[in-house]
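Summary of the model geometry
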Amino acid sequence: MLQLEQEIKEIIISSLALEDIAPDDIDPAAPLFVEGLGLDSIDALELGLALQKRYGLSMSADSEQTRKHFGSVQALAAFVAASRTH
């Protein structure tokens, strides 16, 4: 799971062009939106597309469940891991 969290951190940085942030700067338990990284809805779309391309995920943009998955790096890693087993 740690490897997956690291991959997701790298995807966040590359897909959102966060050149001034290193993967180790991102707390896997910290919120991605508002607090924590302070991402916004446009960032969520970019990140969602990057995750769909990388892992073949399908997610609904307006789903409450999707919002939970995007809560933190840990939540995204759990979602990707669970999606891979289906």
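One can find the structure itself at the top, above this paragraph.
Throughout what follows, the structure given in this document is the object of discussion. Residue numbers run consecutively from 1 along every chain, following the written order of its sequence. Where local features are concerned, this predicted model is filtered to residues with pLDDT of at least 70; where side-chain atom pairs are given and counted, the filter is 80 or more; whole-chain, interface and lining totals use all residues. To obtain the side-chain values, all non-hydrogen atoms of the structure were included, while hydrogens and water were left out.

**A word on unusual backbone geometry**
The phi dihedral of Ala17 is positive, around 50°, even though this residue is not glycine. Helical segments are the DSSP runs of H or I of at least four residues, strand segments are the runs of E of at least two, and each set is numbered from the N terminus. Note that Ala17 resides in the loop between helix H1 (2–15) and helix H2 (41–55). Three labels apply to residues, based on accessible area from a 1.4 Å probe with only protein chains included: buried if under 20% of the type maximum, exposed if over 50%, partly exposed otherwise in between. Classification of Ala17 by relative accessible area gives partly exposed; the value is 45%. For Val34, which is not glycine, the phi dihedral falls at a positive 65°. Mapping Val34 onto the fold places it in the loop between H1 and H2.

**Re the environment of Pro23**
Tracing the chain through its elements places Pro23 in the loop between H1 and H2. In this structure, the C-alpha to C-alpha distance between Pro23 and Leu45, residues 22 residues apart in sequence, is 20 Å. Throughout, a contact is declared for two residues whenever any of their heavy atoms are within 4.5 Å. For Pro23, the contacting residues outside a window of four places in its chain are Gln6, Lys9, Glu10 and Ile13.

**Details of the pattern of salt bridges**
By definition here, a salt bridge exists when the distance from a side-chain nitrogen of Lys or Arg to a carboxyl oxygen of Asp or Glu is within 4 Å. Applying the stated criterion across every chain, the model contains two salt bridges. Salt-bridge contacts for Arg54 lead to Glu7; the nearest nitrogen and oxygen are separated by 3.5 Å. Of the two residues, Arg54 is situated in helix H2 and Glu7 in helix H1; the sequence distance between them amounts to 47 residues. In this structure, Arg67 and Glu64 form a salt bridge, with 3.2 Å as the shortest nitrogen-oxygen distance. One end of the pair is Arg67 and the other is Glu64, both in helix H3 (residues 64–69) and three residues apart, which spans about a single turn.

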